[in-house]
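# Structural overview for review
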Protein chains: 2
Amino acid sequence: MKDSIMEQSIQLFAQKGFKETSIQDIVGELNVTKGTFYYYYKSKEELLMDIHLQYIERLLENQEAILADESKSCQQKLHDIIFKLIHDIEKEGLRAKVFFREIRHLSPQHLEHIIPKRDRFKENVQQVVEEGMRNGQFRSDLPPDIVTLGILGVTNWSYFWFQPNGEKSDREVAAIFYEMLINGIKAE
Amino acid sequence: MKDSIMEQSIQLFAQKGFKETSIQDIVGELNVTKGTFYYYYKSKEELLMDIHLQYIERLLENQEAILADESKSCQQKLHDIIFKLIHDIEKEGLRAKVFFREIRHLSPQHLEHIIPKRDRFKENVQQVVEEGMRNGQFRSDLPPDIVTLGILGVTNWSYFWFQPNGEKSDREVAAIFYEMLINGIKAE
């Protein structure tokens, strides 16, 4: 039931907005009582926080599995991070929408749990970039922090436009972005 | 007065959210009456639409001035589009925040005015990419639409993190992004 409450809320928050969705709306869709809601969550804010936490923790888990694979070069790790993010849009797209748009509704106490994880997500990408610069796979004349923000721009923005059932597959889009970031778009 | 109402609303919408800001909040900050508000705008929705329209129209105007400059190569045009967007964050950052976050509060009739302009912004970048592919400045083995979305990811995302008074200037960040997109991050 806890999972159903979360899934239903993600739908409603994405569609109507966090403020515009009442606890009654959520339990109404599930045909349960408010009591059921309060058995699992103290408030709508706590639920929102849980959505954010689960979203970022899954991202981190996937990302850190890629980072930990010592058989992979930094270039491969970069490719796999890009692919995984785009691949997950189908499953995680609504959750991401709620994450980016509704984060301002979290209280400072709740944000304290989220911000360090969000920062870690960025730092993990930067770690791959820096390692690649050290071992000669990436050029070392560009600042790794700005390069990282460029990479995150390309991937995070795709949440706003990528259609999982569209013309190009997740694998194709990831390959194009990887190629563009690695070799650039200038003609030889 | 119309400009003050708009500037004040952008501040409040960015800070508190569109739904959470009342017309009373806006006129209260300006020490005027609701009558003054209604002299200029029929509703809060109309004001939001005006904010969006002005934002996207200015972006288009700047972008199309760059495109029209025949003395510039496609590479230079791409650089200038990136620079102009990052340069404008200081001035347009709040407006952009309201644009991206509150667009769902616009009615379909209002969206009809915005969407074609937003699409044109993307098409203009794609036009530079395609022209550069034709004239041999950009490689032609990547699909121009996805390349364009990658470029827009890099620039649009910077609205979420670029600090105009931070360590790196708008010019430096734009130069790094341009270099990264043009030549890639792989070591020679």
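The residue numbers shown here count from 1 along each chain, following its written sequence. Key to labels: chains lettered from A, ligands numbered from 1, both in the order written. A pLDDT threshold of at least 70 governs which residues receive local features in this predicted model, and a stricter bar of 80 or more applies before side-chain atom pairs are shown or counted, although totals over entire chains, interfaces and linings include all residues. Based on all heavy atoms of the structure, the side-chain values leave hydrogens and waters out of the count.

## Looking at the overall build of chain A
Elements are defined by DSSP. Helices are runs of H or I of four residues or more, strands are runs of E of two residues or more, and each kind is numbered from the N terminus. Tallying secondary structure elements over chain A gives 9 helices and 0 strands in all. The linear arrangement of helices and strands in chain A, starting from the amino end, is α-α-α-α-α-α-α-α-α. Based on the C-alpha atoms only, the size of chain A along its principal axes is roughly 65 × 40 × 30 Å. Looking at chain A as a whole, 51% of its 188 residues are labelled buried. Only heavy atoms matter for contacts: two residues are in contact if any of them lie within 4.5 Å across the pair. Sequence separation of 24 or more characterises 69% of the internal contacts of chain A that already satisfy a separation of 6 or more. What sets the accessible areas is the Shrake-Rupley method with a 1.4 Å probe; for residues, cover comes only from the shown protein chains. Of the roughly 8,900 Å² that chain A leaves accessible, carbon and sulfur atoms contribute 46%. Only protein chains enter the accessibility calculation, which uses a 1.4 Å probe; a residue whose area is less than 20% of its type maximum is buried, one above 50% is exposed, and one in between is partly exposed.

## So, the environment of Tyr40 of chain B
Residues and elements named next belong to chain B. Tracing the sequence through the fold places Tyr40 in helix α3 (residues 34-40). Exposure remark for Tyr40: the relative accessible area of 28% places this residue in the partly exposed category. Spatially, the C-alpha atoms of Tyr40 and Asp3 are 10.0 Å apart, while their sequence positions differ by 37 residues. When sequence neighbours within four positions are dropped, the list of residues in contact with Tyr40 reads Met1, Lys2, Ile5 and Glu46.

## Description of the domain arrangement of chain A
Residue and element names in this part refer to chain A. For chain A, the domain assignment lists domain 1 (1-41) and domain 2 (44-183). Annotation comment: domain bounds sourced from an automatic or database domain assignment. A straight line from the C-alpha centre of domain 1 to that of domain 2 covers 28 Å. Contacts between the two partners involve 18 residues from domain 1 and, on the opposite side, 15 residues from domain 2. Summing both partners gives a buried area of about 1,500 Å² for domain 1 against domain 2, and 70% of it is carried by carbon and sulfur. Among the salt bridges present, the one from Glu7 reaches Arg95, with a minimum N-O distance of 2.9 Å. Secondary structure elements with two or more residues in the side of domain 1 that touches domain 2: α1 (2-16), α2 (23-30) and α3 (34-40). For the side of domain 1 that touches domain 2, the leading source of residues is α1, giving 9 residues. Buried area counts how much accessible surface, traced with a 1.4 Å probe, disappears from two parts once they are put together, with both parts' losses summed. Salt bridges are defined by distance alone: a side-chain nitrogen of Lys or Arg within 4 Å of a carboxyl oxygen of Asp or Glu.

## Observations concerning the pattern of salt bridges
Side chains that differ in sign of charge can pair as their charged atoms come close. All names here are of chain A. Within this structure, the stated rule accounts for 30 salt bridges over all chains. Measuring nitrogen to oxygen at the nearest pair gives 3.1 Å for the salt bridge that ties Lys117 to Glu57. In this pair, Lys117 is assigned in helix α7 (residues 108-134) and Glu57 in helix α4 (residues 44-68), connecting sequence segments 60 residues apart. Overall, the relative accessible area of 22% leaves Lys117 in the partly exposed class.

## With respect to the relation of the copies chain B and chain A
In this comparison the copies share one frame, found by least squares on the C-alpha atoms of residues holding pLDDT of at least 70 in both. At an RMSD of 0.0 Å, chain B and chain A line up after a rotation of 180 degrees and a shift of 0.0 Å along the axis. Such values leave the two copies arranged in the relation of a two-fold axis. Measuring from the rotation axis to each C-alpha of chain B, the shortest distance belongs to Gly184 of chain B, at 1.9 Å. A shared binding surface is used by both copies, with 100% of the interface residues of chain B retained as interface residues in chain A.

## Overview of the environment of Ile5 of chain B
All names here are of chain B. Tracing the sequence through the fold places Ile5 in helix α1 (residues 2-16). The exposure class of Ile5 is buried, given its relative accessible area of 0%. Between the C-alpha atom of Ile5 and that of Lys72, which follows or precedes it by 67 residues, the distance is 39 Å.

## Thoughts on the layout of surface pockets
Think of a 1 Å grid over the protein atoms and nothing else: a 1.4 Å probe that fits but is trapped marks a cavity, an open set flanked by protein within 12 Å on at least five of seven lines marks a pocket, and residues with an atom within 4 Å of a point count as lining. Grid points are joined across faces, edges and corners, and a volume is the space filled by probe spheres set on the points. In this structure, the second largest pocket spans a volume of roughly 220 Å³. Contributing to the lining of the second largest pocket are 14 residues, with Asn183, Gly184 and Glu188 of chain A together with Asn183 and Glu188 of chain B lying nearest its centre. For the lining of the second largest pocket, the secondary structure elements donating two or more residues are α9 (170-183) of chain A together with α9 (170-183) of chain B. Any residue outside Ala, Val, Leu, Ile, Met, Phe, Trp, Tyr, Cys, Pro, Asp, Glu, Lys and Arg is labelled polar, Gly included; the first ten of those are nonpolar and the last four are charged. Considering only residue class, the lining of the second largest pocket consists of 4 nonpolar, 4 polar and 6 charged.

## What to know about α1 of chain B
Residues and elements named next belong to chain B. Relative to the 21 Å expected for 15 residues at 1.5 Å per residue, α1 spans 21 Å between its end C-alpha atoms, a close match to the ideal helical length. What α1 keeps buried is the set Ile5, Met6, Gln8, Ser9, Ile10, Leu12, Phe13 and Ala14. For α1, the secondary structure elements touched by its buried residues are α2 (23-30), α3, α4 (44-68) and α6 (89-102). Of the residues one or two after α1, Gly17 is the one with positive phi, at around 105 degrees. A helix is expected to reach a length of 1.5 Å times the quantity of its residues less one.

## A look at the packing of α1 of chain B against α4 of chain B
Residue and element names in this part refer to chain B. Axes, fitted as lines to C-alpha atoms, cover a helix only where it is in contact. Angles between the N-to-C directions of the axes lie from 0 to 180 degrees. The N-to-C vectors of α1 and α4 enclose an angle of 90 degrees; their axes lie 10 Å apart at closest approach. In terms of orientation, α1 and α4 fall into the roughly perpendicular class. Between α1 and α4, the contacting residues are Lys2, Ile5, Met6, Ser9, Ile10 and Phe13 on the first element and Lys44, Leu47, Leu48, Asp50, Ile51 and Gln54 on the second. Across the contact of α1 with α4, the residue classes break down as 7 nonpolar, 2 polar and 3 charged. Oblique is the label for every angle not falling under 35 degrees (roughly parallel), over 145 degrees (roughly antiparallel), or within 65 to 115 degrees (roughly perpendicular).

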